[in-house]
Amino acid sequence: MLPDDLDALHGRRAARWIRESTKAQEDRYGPDAQREHQGRAIERYGLIDTAIVWQVAHSGRTVDQTPEWAEMRARAGRDYDILVVAYVSRFARNVEALARTIRQLHLAGAAVYFCDERLLSSDEQHWDWYMREAVEAESYSRRLSRRVREGYETKWRRHRDPGGWAPLGFRREPEPPRRLVIDLDTIGDAVSLFERYATGRVSMQDLARATGVHEDAVRDILRNPIYNGWVRRRGEPAQPAPWRARPPIPDELWEQVTRIRAAKVRGGGGQNHGAPDPLRGLLYCPCGRMIRADGSNRSGRQRSHPEPCRQWTGAQRRQSRLWEEPVKAQLRGLEVSDATIVQVVAALSATVPISDDLRKARRERQRKELALAYAAGKLSEASFLSAVAALNAEGDPLPPPAEQVTTTDVSRFLRKVSDTIIKLDTAVAVGDISPTELAGVWEELTHAIYQRIIITGATFVGVELTPAAKAHGLQALLPEEVEVGEANWRARPDSNRRSPA
């Protein structure tokens, strides 16, 4: 039987509900104050503390959609009799959800006690009071939301600042308008996350464990274009940030991380999740779409173009080994000697920087987005012209000259690649390596050397090497043409287009 007044609370089992709107608030003083309110109420009314606590960091407008809310409802009347909440506003800021849930709790044999207001949900005389508090809480939330939204919109129009919390590596200026600026003391931590993830050998979970940064925060950082010099606001096209000319994460590293993230988004059935894959995230059609893993059959892993494409020839789904074997053959064709190392070092010393195609392509996409937004009335003429001028100011930049590599650096890198391949083939010949270990080493090797492999069906068009592979001269040593069985293929490293041999 539900208690009809506060005197009837004695001896009933109590559980606690604690809510803050954001994770930052949850990590500060809010929960402690709520616990004190709850502790005093439990002692005052002789409740039995079950030590059951639900603590969430979530908006009060949608908190009824959280798993904690669902569990709290499911255990009502079974594991606790009174849900102790510090304030009405800490329960929810949604009148409909609050009223509906209280009715459900009552049906299950549980009631809610609001400590600060001293209101009991099962006391008929208190109903008007706590519902009035609930209406005021939601009304306040809605007013605050409007004010905050208007403030963010104004800040975006005037300063191209998205508002909100400063992400890792950034801070807000101490004086109004408190714009975002790069924090030189912490930006290195964010850059390190990008650099480690770009190797393709660590997951977001690995980074979270190694750095202490929550996995969700790692994911948000790696997909936030602010590090690449672009700011955005929901419903608005991205615009160049003041640091776009020299972003913390350069275009090449951003594209590498984006490619690896996309490669790890899996779909379809029959996936061998977590299994090594030497071509994961490396295969692309000339149209720009990634050729994704698409299940497997008795013959092995399959891959397919994600949509019909005029540049893709033959069957849409093919066996992965169709491309895997030629790539391995190209690496096996690497010939390393003292003479070739000297030639590579000489060629690297004479290398002339070339224009950055990634930056050019990105600028063209941004121009199109800005033009569409302007045509749709989402951008004023002044904002449109300002954003286009900022893009044009970037010009056609040349990448900064690479650090001078020595003969020792080149020799160590090239011989390590060559020796690894020889050891792999030897281990296979004597049966001293498992298929999973073999695929894992090949995966590390291919991702250390190839950044992108362009194919049209069974035909190889070209390959792009990683910055490390290019810096150590691999593009000059990898064979352009190799034979695999009765077939052969041609793809010069870093060429734009190559015809099949």
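Residues numbered from 1 in each chain as written. Predicted model: local features only at pLDDT ≥ 70, side-chain atom pairs only at ≥ 80, totals over all residues. Heavy atoms only, no water.

1. As for the overall build of the chain
Part 1: Within the chain, the regular secondary structure consists of 18 helices and 17 strands.
Part 2: Split into buried and exposed, the 501 residues of the chain put 43% on the buried side.
Part 3: Of the contacts made within the chain by residues no fewer than 6 positions apart, 63% connect residues no fewer than 24 positions apart.
Part 4: Accessible area for the chain stands at about 26500 Å²; split by element, carbon and sulfur atoms hold 50% of it. (Helix = DSSP H or I, 4+ residues; strand = E, 2+ residues; numbered from the N terminus. Buried < 20%, exposed > 50% of the residue type's maximum accessible area, 1.4 Å probe, protein only. Contact = heavy atoms within 4.5 Å. Areas by Shrake-Rupley, 256 points an atom, 1.4 Å probe, with all protein chains shown as cover.)

2. Quick look at the packing of aromatic side chains
Part 1: What the rule picks out here adds up to 11 aromatic pairs.
Part 2: Measuring from centroid to centroid gives 5.4 Å for Trp-17 and Trp-69, while their planes differ by 90°, and the two rings are edge-to-face. Of this pair, Trp-17 sits in strand E1 (residues 13-20) while Trp-69 sits in helix H3 (residues 67-74), and the two are 52 residues apart along the sequence. Like Trp-69, Trp-17 is buried.
Part 3: Ring plane angle 55° and centroid distance 5.5 Å describe the contact between Phe-194 and Tyr-227, whose orientation is recorded as tilted. Of the two residues, Phe-194 is situated in helix H7 (residues 187-197) and Tyr-227 in the loop between helix H9 (215-222) and strand E8 (230-231); the sequence distance between them amounts to 33 residues. (Phe/Tyr/Trp six-rings, centres within 6.5 Å; stacked < 30°, edge-to-face > 60°.)

3. Some points on H7
Part 1: Of the positions making up H7, those classed as buried are Ile-187, Ala-190, Val-191, Leu-193, Phe-194 and Tyr-197. Each buried residue of H7 sits inside an arc of 150° when the element is viewed along its axis, so together they form one side.
Part 2: On the buried face of H7, the contacting elements are strand E6 (170-172), strand E7 (180-182), helix H8 (204-211), H9 and helix H10 (251-263). (Arc of directions from axis to C-beta.)

4. Points about the sheet that holds strand E5 (residues 119-120)
Two strands in a sheet stick together by hydrogen bonds in their backbones, pointing the same way (parallel) or opposite ways (antiparallel).
Part 1: Strand order in the open sheet formed by five strands is E2-E1-E3-E4-E5, with mixed pairing between adjacent strands. Whereas interior strands pair on both sides, the edge strands pair on one side only; in this sheet they are strand E2 (48-57) and E5.
Part 2: Alignment of strand E4 (residues 111-114) against E5, held across two bridges, turns out to be antiparallel. Across the sheet, the residue bridging to Phe-114 is Leu-119, located in E5.
Part 3: Packed onto the sheet, H3 meets E1, E2 and strand E3 (82-85) and runs at close to 155° relative to E2. (Pairing = 2+ DSSP bridges. Axes fitted to C-alpha atoms, helices over the stretch in contact; angles between N-to-C directions.)

5. Let's talk about the nonpolar core
Part 1: Of all hydrophobic cores here, the largest spans 34 residues; its most connected members are Ile-449, Tyr-450, Ile-453 and Leu-474.
Part 2: Looking at this core, the elements that each hand over two or more residues are helix H11 (321-332), helix H12 (338-349), helix H15 (407-429), helix H16 (435-449), strand E14 (450-456), strand E15 (459-465) and helix H18 (474-477).
Part 3: In this structure, Ile-453 is in contact with Leu-279, Leu-282, Leu-283, Tyr-284, Val-327, Phe-460, Gly-462 and Val-463, ignoring residues within four places of it in sequence.
Part 4: Ala-15, Leu-83, Val-95 and Phe-114 belong to the second largest nonpolar core, which has 26 residues in total. (Core = buried A, V, L, I, M, F, W, Y, C linked by side-chain atoms within 4.5 Å.)

6. Structural notes on the sheet that holds strand E10 (residues 283-284)
Part 1: An order of E10-E14-E15 is seen for the three strands of this open sheet, with the pairing classed as mixed. Every interior strand has two partners, whereas the edge strands, E10 and E15, have only one.
Part 2: Pairing geometry for E10 and E14, over two bridges, is parallel. When the sheet's bridge partners are listed, Tyr-284 is paired in E14 with Ile-454.
Part 3: Packing of H11 onto the sheet brings it into contact with E10, E14 and E15, and relative to E14 it is tilted by some 130°.
Part 4: Sitting on the sheet, H16 is in contact with E14 and E15, with an inclination near 90° to E14.

7. Comments concerning the pairing of E14
Part 1: Where burial is concerned, most of E14 is hidden: six out of the seven residues are buried.
Part 2: As defined by bridge partners, E14 adjoins E15 across six bridges and the pair is classed as antiparallel. Its bridge partner being in E15, Ile-455 is matched across the sheet by Phe-460.
Part 3: The hairpin turn running from E14 into E15, its antiparallel successor, is two residues long, and Gly-457 in that turn takes a positive phi close to 70°.

8. Let's talk about the pattern of salt bridges
Part 1: Inspection of every chain in the model, using the stated rule, returns 20 salt bridges.
Part 2: Here Glu-324 ties to Lys-328 by a salt bridge, and the two come within 3.1 Å at their closest N and O atoms. Remark: Lys-328 and Glu-324 occur in helix H11; sequence separation between them is four residues, near one turn of the helix. When sorted by exposure, Glu-324 lands in the same class as Lys-328, which is buried.
Part 3: Counted as one network, the salt bridges with shared partners bring together Glu-71, Arg-75, Arg-78 and Asp-79. (Salt bridge = Lys/Arg side-chain N within 4 Å of Asp/Glu carboxyl O.)

9. Quick notes on unusual backbone geometry
Part 1: Unusually for a residue other than glycine, Ala-51 sits at a positive phi of about 70°.
Part 2: Mapped onto the elements of the fold, Ala-51 is located in strand E2.
Part 3: Phi is positive for Arg-118, which is not a glycine, with a value near 55°.
Part 4: Relative to the helices and strands, Arg-118 resides in the loop between E4 and E5.

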